[in-house]
Amino acid sequence: MRSSPLPRMSRRGRVTIGVLVGVFVLFTLLGWGVNAWTDWLWFDEVRYTQVFTGVLATRLLLFLVVGVGMALIVAGNLWLAYRLRPRMRPHSAEQATLERYRMLLSPRLGTWIALASAVVGLFAGLSAQSRWTQWLLFRNGGDFGVKDPEFGVDVGFYVFQLPFWRYLLGVGFTAVVLALLGALAVHYVFGGVRLQGVGDRMTNAARAHLSSLVAVFVLLKAVAYVLDRRAMLLEYNEGAKLYGAGYADVNALLPAKEILAWISVLVAVAIIVFSNAVMRNLVWPGISLALLGVSAVAIGGIYPWAVQTFEVKPSARDKEAPYIERSIEATRSAFGLNATKTTPYAASNLVPPASLATDTSVVPNVRLLDPQLVSETYTQLQQVRGFYDFGSKLDIDRYAVKDKTSDYVVGVREINYGELTDQQNNWINRHTVYTHGYGLVAAPANQVVCGGQPYFVSGFLGEKAQEACSSPTEEIPAQQPRIYYGERMEDDDYAIVGQTGDRNVEFDRPTSTGGEQYYTYTGEGGVKIGSFSRRLLYAIKEQESNFLLSEAVNENSKLLYVRNPRDRVEKVAPFLTLDGDPYPAVVNGRVLWIVDGYTTAATYPYAERVNLQAETTDELTGRGTFQLARENVNYIRNSVKATVDAYDGTVKLYSYDDTDPVLKAWNKAFGGDLVLPKGDIPAELAAHFRYPADLFKVQRNLLTKFHVTDPGDFYSGQDFWQVPNVPDAPDSGQKQPPYYLFTQFPGQEGPRFQLTSAVTPNGRQNLAALVSGSYVDGQPRLEVLELPDQTRISGPAQVHQQMTNNGDIRQQLNLLSSNQAQVQYGNLLSLPFADGMLYVEPVYVKSSSQDAYPLLQKVLLSYGDGGSYVVLANNLGDGIKQLVEQGRRAQTGTPPPSGDNEGTPPPPSTGGTNTPPPLTGELAQAAGQVQAAIAEVKAAQTSGDFERYGRALKALDEAMAAFQRAQAAANGSAGPAPSGSASPSAPASPSPSPNG
């Protein structure tokens, strides 16, 4: 009895489903179309439409080619299986059951095949379009000019070709498996394959079809073995704890892969022959497949394991030595370590030399301001309005003012939309009024004034400095100080600019008279949204009806979005990995954001593979610096320097490594002119380039092991280093960040702007080396000052503990901290000087009152091994003098005066429990002035008048100086000057430094 067909769906049901599907497709296509259109407009604004069209065309091409190819393979095999169905089928219960499904499929078999193939093709195409980076490199990549040490193949094959070949091989396996499973199902449904009944279980046609697919699968396995031989140079070598093929891989697994490739070819031939020409059954083909599996286990698994266990392990140091050497050479080449200059540094001088007091290259450039701590100070003193923000960490740059180059702590006064009040935070204010920040604020990193404040020299809200304790003129002038693009901008912080008539509506800055100045944007940046179609488009994109209803949007309006400079560069150059710390600079009167871009690869043979997120994370990650993605790489180059104009958002990509093959491939992929040549970099811009922090961290971490170039020593690991933890919180587990300095190290011709980090021996805390990165004549240079193995010189954590645990110093630090204040430590700088080590650590004090900020109050200094010569001084100059005096006394055998703190008279205390001795004469008068100044500081702080507070701090600084002079006169000796008591001169105009 023939089974009845499945019931048909009613007309209403079909219509309902059709409408729902149509609505879903409509909204999906609408959302995709809106995003694509707005992306095109954005890329057109920044003039990088070749990136948009190039990526889109490549993704569509891969989607269509792979998707259609996969669909055709599956559909062809399903159709072939149907065409090869037997015309006559034996009667059985199994066939009677299948008849119902045959009746369902047969009338619309083409539709069912097309639908199944379309689903397979859709998912295959979606997977393929995400491989657009591999395809573009595959098509445009060239040679590295370096050959791998095993096969003599250019490294370009591994970086550009191998990843895409392996992907295509995976696509081939997937297609064959899906075709095999689909064909088997069709053969079964239509009687070509039977589980019950008399006679053969499979027709000749079905056997030929299915065995051919199995043979193709085995042939693909042979290709996989061939590619695996190349890929072995990328695998982890457990014996040597390094990447790349080791002794057992080269001498056992490598020939095993070749043997298995030939066996796979023979098995594929055997399957075809025995299944269709000789015995016409599946017994011998099955035996062939079983032998292939056994061979894979025995030849590819057991034999290499035996070689590793019984031959390599007993003498691994000697057996693995040539392959360890390969890994060392490849890693140093892939990460740019092969040109590292290593210089021995004895650090044998443990006594502070007299030359410290007269030095002009290191001591005057010591950076006292910590960009992480003084961010709060910048915010409080330069904020003016509550919605201005400098971020949680400032940046370090250098400027040449009156032919003198110095470090400057720089920050951009941006709008923080999260700090707008409820009254301010409506749509009109958020997007059309509060559109931009104002000014790049800078202060010399080695100067403090007014009791520990930075000496601000730029970024003022008025034409001249109105703030106390600041330069009276703009030393780093910016002709266009407005900040429309900055790091505080989030994805939804778009701005609508451009007005009709003469009325300005954008809040620009407060005026000195207490009013407010308004402004209208005149830059080239932004997407025009004056037409109704554009307003409708962005109303849909942002899901905001005010684009259509608000009068703030007019025919002259422009929309500024993607305003974070890092996001902006990432969108323009999606193939780059960007450094986590963009920084601003004034170049030719404009504020530019500078972003370092890296080209990376993960298939450089024998090179160590690292995770960028893990290698670059330290104390500052997430606190002013972006965290990198969890990307595994074994090749990296700082090949691009990108700039974003803070006013109009212009993005420029400059090549900084013209020899990088990966950058050449990407530039070729997008027309050849996407990245400007290095020769087009303006000299004024190049003067502000700095060694990128994330690249330096990766290289520094690798140098802790790969500074060892002898394979035997590397295997033993006895000379490995490690990056120390944060000195003032060693138990936190956070690594000490590297720090930028404008200084001169031994062996260098003059001061350079360089990124520096101390490293310690693995498992110990004494100093092992100093690693620095800088630019010399436009080329990156890594240098290592290596100390002797058994050095007595303490590392950063030890030095901090020794300085702060000194009895007299601890007492003074306790006086600085109380229930109303806390002590904070700045960067601990390790400076090689006069064949010894000078350590400098600024000490800040922050009151616990609301809106308080850290002030630099003291400076900790140490020389030698970290514990013998230690001082806590009011300022750097006094500390140097005291260190030199300690050294003189140590060399002459002169004992320190009674009550001396290591030869340093303790500073006068302005508060405490002991009753001070009575003061007379000028000393009493000076003390009275100090007390009056303290009272004025407290009153000014309570009033909230920052201008008055600055004047009060300056008066207190002068009163303290007068008191110390009076005290010195009373004691018959000259006393030290207070920190920052000297008023710095104000040079006229800056020019970028040619150094670095």
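Conventions adopted
- Residues numbered from 1 in each chain as written.
- Predicted model: local features only at pLDDT ≥ 70, side-chain atom pairs only at ≥ 80, totals over all residues.
- Heavy atoms only, no water.
- Helix = DSSP H or I, 4+ residues; strand = E, 2+ residues; numbered from the N terminus.
- Buried < 20%, exposed > 50% of the residue type's maximum accessible area, 1.4 Å probe, protein only.
- Contact = heavy atoms within 4.5 Å.
- Areas by Shrake-Rupley, 256 points an atom, 1.4 Å probe, with all protein chains shown as cover.
- Pairing = 2+ DSSP bridges.
- Patch = residues over 30% accessible without salt bridge, like charges linked within 9 Å, V, L, I, M, F, W, Y side chains within 5 Å.
- Salt bridge = Lys/Arg side-chain N within 4 Å of Asp/Glu carboxyl O.
- pLDDT = per-residue confidence, 0-100.
- Phe/Tyr/Trp six-rings, centres within 6.5 Å; stacked < 30°, edge-to-face > 60°.
- Lys NZ or Arg CZ within 6 Å of the ring centre and 35° of its normal.
- Lys, Arg positive; Asp, Glu negative; His and termini not counted.
- Charge placed at Lys NZ, Arg CZ, Asp CG, Glu CD.
- Arc of directions from axis to C-beta.
- Axes fitted to C-alpha atoms, helices over the stretch in contact; angles between N-to-C directions.
- Parallel < 35°, antiparallel > 145°, perpendicular 65-115°, else oblique.
- Nonpolar A, V, L, I, M, F, W, Y, C, P; charged D, E, K, R; others polar.
- Left-handed = near helix turned anticlockwise from the far one by under 90°.

Asker: Talk me through the overall build of the protein; I want residue IDs and the actual numbers.
Answerer: Along the protein, the regular secondary structure elements total 26 helices and 35 strands. Across the 996 residues that make up the protein, the buried fraction comes to 54%. For the protein, long-range pairs separated by at least 24 residues make up 68% of all intrachain contacts whose partners lie at least 6 apart in sequence. Split by element, the accessible area of the protein, about 43800 Å² in all, is 55% carbon and sulfur.

Asker: Lay out the sheet that holds strand S13 (residues 495-497) with the relevant residues and their values.
Answerer: The strand order across the open sheet formed by three strands is S13-S17-S16, and the pairing between neighbours is antiparallel. Each edge of the open sheet is held by one strand with a lone partner, namely S13 and strand S16 (527-528).

Asker: Report on a nonpolar patch on the surface, specifying residues and quantitative values.
Answerer: On the surface, Leu104, Trp112, Leu115, Val119, Leu122, Phe123 and Leu126 cluster together into a nonpolar patch covering about 650 Å² of accessible area. Structurally, phenylalanine 123 is set in helix H4 (residues 109-129). With a relative accessible area of 56%, phenylalanine 123 lands in the exposed category.

Asker: So what's going on with the confidence of the model for the protein? Which residues, and what values?
Answerer: Mean pLDDT over the protein stands at 85; residues scoring 70 or higher make up 85%. For residues 898-916, every residue scores under 50 in pLDDT, and the model assigns this stretch 28 contacts once sequence neighbours within four places are set aside. Note that residues 973-996 has pLDDT below 50 and, in this model, 66 contacts with residues that lie over four places away or in other chains.

Asker: If you had to explain the packing of aromatic side chains to someone new, which residues and values would you point to?
Answerer: Tallying each qualifying case throughout the model produces 42 aromatic pairs. With a centroid separation of 5.7 Å and an interplanar angle of 85°, the aromatic rings of tyrosine 399 and tyrosine 408 are classed as edge-to-face. No difference in accessibility class separates tyrosine 399 from tyrosine 408, as the two residues are buried. Judged by centre distance (5.4 Å) and plane angle (5°), the ring pair of tyrosine 740 and phenylalanine 753 falls under stacked. With tyrosine 740 in strand S26 (residues 739-743) and phenylalanine 753 in strand S27 (residues 752-761), this pair connects stretches of sequence that are 13 residues apart. The same class applies to tyrosine 740 as to phenylalanine 753, namely buried. An aromatic cluster is defined as three or more aromatic residues linked by ring pairs; in this entry it consists of Trp135, Phe138, Phe164, Trp165 and Tyr167. For the cation-ring pair, arginine 230 lies above phenylalanine 151, with the distance from its terminal atom to the ring centre recorded as 4.5 Å.

Asker: Provide a residue-level description of the pairing of strand S14 (residues 506-510), including the pertinent values.
Answerer: Burial analysis of S14 places five of its five residues in the buried class, which makes it a mostly covered element. In this sheet, strand S15 (residues 516-519) lies alongside S14 in antiparallel orientation, the contact comprising four bridges. Each residue of the ladder has a partner; that of phenylalanine 507, found in S15, is tyrosine 518.

Asker: So what's going on with a negative patch on the surface? Residues and values would help.
Answerer: Taken together, the side chains of Glu325, Glu329, Asp710, Asp713, Asp719 and Asp789 define an acidic patch exposed on the protein surface. In this structure, aspartate 713 sits in helix H21 (residues 711-716).

Asker: Kindly report on the pattern of salt bridges, identifying the contributing residues and their values.
Answerer: By the definition in use, this model includes 29 salt bridges. Here aspartate 397 makes a salt bridge to arginine 398, at a shortest N to O gap of 3.4 Å. Of the two residues, aspartate 397 and arginine 398, neither departs from the other in class, the shared state being buried. The shortest N-O distance in the salt bridge between aspartate 648 and arginine 590 comes to 3.6 Å.

Asker: Outline helix H16 (residues 565-572), listing residues and values.
Answerer: When H16 is considered as a whole, its buried residues turn out to be Pro565, Arg566, Arg568, Val569 and Val572. For H16, the buried positions fall inside an angular range of 160° around the axis, keeping them on one side.

Asker: Tell me about the packing of helix H2 (residues 49-83) against helix H5 (residues 132-140), and name the residues and values.
Answerer: One can describe the packing of H2 onto H5 by two numbers: an axis separation of 10 Å at closest approach and a directional angle of 100°. Put simply, H2 runs roughly perpendicular to H5. Along its contact with H2, which presents Val55, Thr58, Arg59, Leu61 and Leu62, the element H5 presents Trp132, Trp135 and Leu136. Taken together, the residues of the contact of H2 with H5 break down into six nonpolar, one polar and one charged.

Asker: Which residues make up the side chain of glutamine 824, and what values do they have?
Answerer: Relative to the elements of secondary structure, glutamine 824 occurs in strand S30 (residues 821-825). When neighbours within four sequence positions are excluded, glutamine 824 is seen to be in contact with Leu373, Pro842, Val843, Tyr844, Lys846 and Pro854.

Asker: How would you sum up unusual backbone geometry? Please name residues and give values.
Answerer: Across residues other than glycine, the phi torsion is negative in most instances, and most of the peptide bonds are trans. The backbone of glutamine 543 sits at a positive phi, close to 55°, despite the residue not being glycine. Relative to the elements of secondary structure, glutamine 543 occurs in the loop between helix H14 (532-542) and helix H15 (546-549). Residues other than glycine seldom take positive phi values, yet valine 562 does so here, at roughly 55°. Along the chain, the position of valine 562 falls in the loop between strand S17 (558-560) and H16. According to the relative accessible area criterion, valine 562 is partly exposed, its value standing at 21%.

Asker: Residue-level account of the packing of H2 against helix H6 (residues 155-189), with values.
Answerer: Between H2 and H6, the shortest axis-to-axis distance is 8 Å and the interhelical angle comes to 25°. Compared by their axis directions, H2 and H6 come out roughly parallel. Pair H2 / H6 crosses with right-handed handedness. Facing Leu62, Val66, Met70, Ile73, Val74, Asn77, Leu78, Ala81 and Tyr82 of H2, the residues of H6 in contact are Phe164, Tyr167, Val171, Thr174, Ala175, Leu178, Ala179, Gly182, Ala183, Val186 and His187.

Asker: Can you explain the environment of alanine 118? Please cite residues and give values.
Answerer: With respect to the element layout, alanine 118 can be found in helix H4. As a C-alpha pair, alanine 118 and valine 74 span 44 residues in sequence and 9.4 Å in three-dimensional space.

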